[in-house]
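What follows is each chain in one-letter form.
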Amino acid sequence: GAVVSQHPSRVICKSGTSVKIECRSLDFQATTMFWYRQFPKKSLMLMATSNEGSKATYEQGVEKDKFLINHASLTLSTLTVTSAHPEDSSFYICSAIRDSRPSHTQGSRSPYGYTFGSGTRLTVV
Amino acid sequence: GNSVTQMEGPVTLSEEAFLTINCTYTATGYPSLFWYVQYPGEGLQLLLKATKADDKGSNKGFEATYRKETTSFHLEKGSVQVSDSAVYFCALRTSGTYKYIFGTGTRLKVLA
């Protein structure tokens, strides 16, 4: 099936530093990717919708300057947590929608064209 | 606004026990309903879905029925296995959008 690779799976960083999380669609093109965040014992919350070649659309309450999203190619979106603080510690997960254009690789499709990455556990100390 | 409420875990069962994970939702219109599963170290995988009232989604022995009258989509399995140990997320998606609303997730642990 369609595979979305997310890296790193775990990261620990110091307060004030920036952390970049990558989300790659390995065998399909994804014009649209999504970034979610999960607080402990709470739901996965959509942070932003990332569109290839254009600015991301952020959900209400999400700081654009804090969570920088770049979707420069059809297979890669990045989320950069800038000037991280302990309250940014969370589980971040991306997802991607299979593009309507044919993929150049073989492989079965993910059901309904929507695939999640494995997530990144960020701890800011 | 739209929301999903699912039972808190963790749920611990013995192998071959019956499983129910409750999920209720609030939504305008007629959403599609989903169950996703996350095995350790992996991403969310679609387990089953239902798109309209009275639809039953099923996969790998799991079932859930879209109950509009009770706004519920409870997940059931008649006989769980150790390999079913994972986190299960209930979710909804309103028509015309790819935006999902997730529940908090329920961790299931099945003991041999």
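Residue numbers here run from 1 along each chain, matching the order of that chain's written sequence. A letter from A marks each chain and a number from 1 marks each ligand, given out in the order of writing. Local features in this predicted model are restricted to residues of pLDDT 70 or higher, and side-chain atom pairs are both shown and tallied only at a pLDDT of 80 or more, whereas totals for entire chains, interfaces and linings draw on every residue. Values shown for side chains rest on all heavy atoms present in the structure; no hydrogens or waters enter the calculation.

A.B. asks: Give me the interface of chain B and chain A: which residues, what numbers.
C.D. replies: In what follows, a contact means two residues having at least one pair of non-hydrogen atoms within 4.5 Å. Opposite the 15 residues of chain B that make contact, chain A presents 18 residues. As used here, buried area is the combined drop in accessible area, with a 1.4 Å probe, of two parts when they are placed together. Interface area for chain B against chain A, summed over the two sides, is near 1,400 Å², with a carbon-plus-sulfur share of 65%. Per-residue buried area on chain B facing chain A is highest for B:Leu44, B:Tyr98 and B:Phe102; these three make up 34% of the total on that side. One speaks of a salt bridge when a side-chain nitrogen belonging to Lys or Arg is within 4 Å of a carboxyl oxygen belonging to Asp or Glu. At the boundary of chain B with chain A, the tally comes to 1 salt bridge. The salt bridge partner of B:Lys99 is A:Glu59, with a shortest N-O separation of 3.0 Å. Under the rule applied, a polar contact is a pair of N or O atoms within 3.5 Å (in protein, one hydrogen donor and one hydrogen acceptor; residues adjacent in sequence only if both atoms are side-chain atoms). Our count for the chain B to chain A interface comes out at 3 residue pairs in polar contact (both at pLDDT 80 or more). Those elements that place two or more of their residues in the side of chain B that touches chain A are β5 (32-38), β6 (44-50) and β11 (100-102) of chain B. Gly is placed with the polar residues, together with every amino acid not listed as nonpolar (Ala, Val, Leu, Ile, Met, Phe, Trp, Tyr, Cys and Pro) or charged (Asp, Glu, Lys and Arg). Looking at side-chain class alone, the side of chain B that touches chain A contains 7 nonpolar, 5 polar and 3 charged residues. A run of H or I in DSSP counts as a helix once it spans at least four residues, and a run of E counts as a strand once it spans at least two, with each numbered from the N terminus.

A.B. asks: Would you mind going over the layout of surface pockets in detail, with residue names and values included?
C.D. replies: Points on a 1 Å grid, built from protein atoms alone, make a cavity when a 1.4 Å probe fits but cannot get out and make a pocket when they are open with protein on both sides within 12 Å along at least 5 of 7 lines; residues with an atom within 4 Å of a point are the lining residues. Grid points are joined across faces, edges and corners, and a volume is the space filled by probe spheres set on the points. One number sums up the size of the largest pocket: a volume of about 850 Å³. Lining the largest pocket we find 31 residues, and of these A:Gln38, A:Arg121, B:Gln38, B:Val87 and B:Arg107 sit closest to its centre. The leading source of residues in the lining of the largest pocket is strand β12 (residues 106-111) of chain B, at 4 residues. Partitioned by chemical class, the residues of the lining of the largest pocket number 10 nonpolar, 13 polar and 8 charged.

A.B. asks: I'd like to hear about unusual backbone geometry, residue by residue, with values.
C.D. replies: For the bond from A:His7 to A:Pro8, the omega torsion is 0°, close enough to zero to count as cis. As for its placement among the helices and strands, A:Pro8 is situated in the loop between β1 (4-7) and β2 (10-13). Following B:Gly9, the chain continues to B:Pro10 via a peptide bond in cis, the omega torsion being 0°. Not every positive phi belongs to a glycine, and B:Glu16 is a case in point at roughly 75°. In this fold, B:Glu16 is placed in the loop between β2 (11-14) and β3 (19-21).

A.B. asks: Quick rundown of the side chain of A:Thr82? Include the residues and the values.
C.D. replies: If you trace the backbone, A:Thr82 turns up in the loop between β8 (76-81) and β9 (90-97). Those residues within four positions of A:Thr82 in sequence are excluded, and the remaining contacts are A:Thr17, A:Ser18, A:Asp65, A:Lys66 and A:Leu68.

A.B. asks: Please give an account of the sheet that holds strand β7 (residues 56-59) of chain B that cites residues and values.
C.D. replies: Residues and elements named next belong to chain B. With antiparallel pairing, the 4 strands of this open sheet are ordered in space as β3-β9-β8-β7. Looking at the sheet topology across the chains shown, the edges are occupied by β3 and β7. Each neighbouring strand pair of the sheet contributes to a mean axis angle of 15°, computed without reference to strand direction. Only strands joined by at least two bridges in the DSSP assignment are considered to pair. Inspection of the sheet shows β3 paired to strand β9 (residues 75-77) by 3 bridges, in the antiparallel sense. Directly across from Thr-20, in β9, lies its bridge partner Glu-76. A fitted line through C-alpha atoms serves as each axis, taken over the contacting stretch for helices, and the angle formed by two N-to-C directions is quoted from 0 to 180°.

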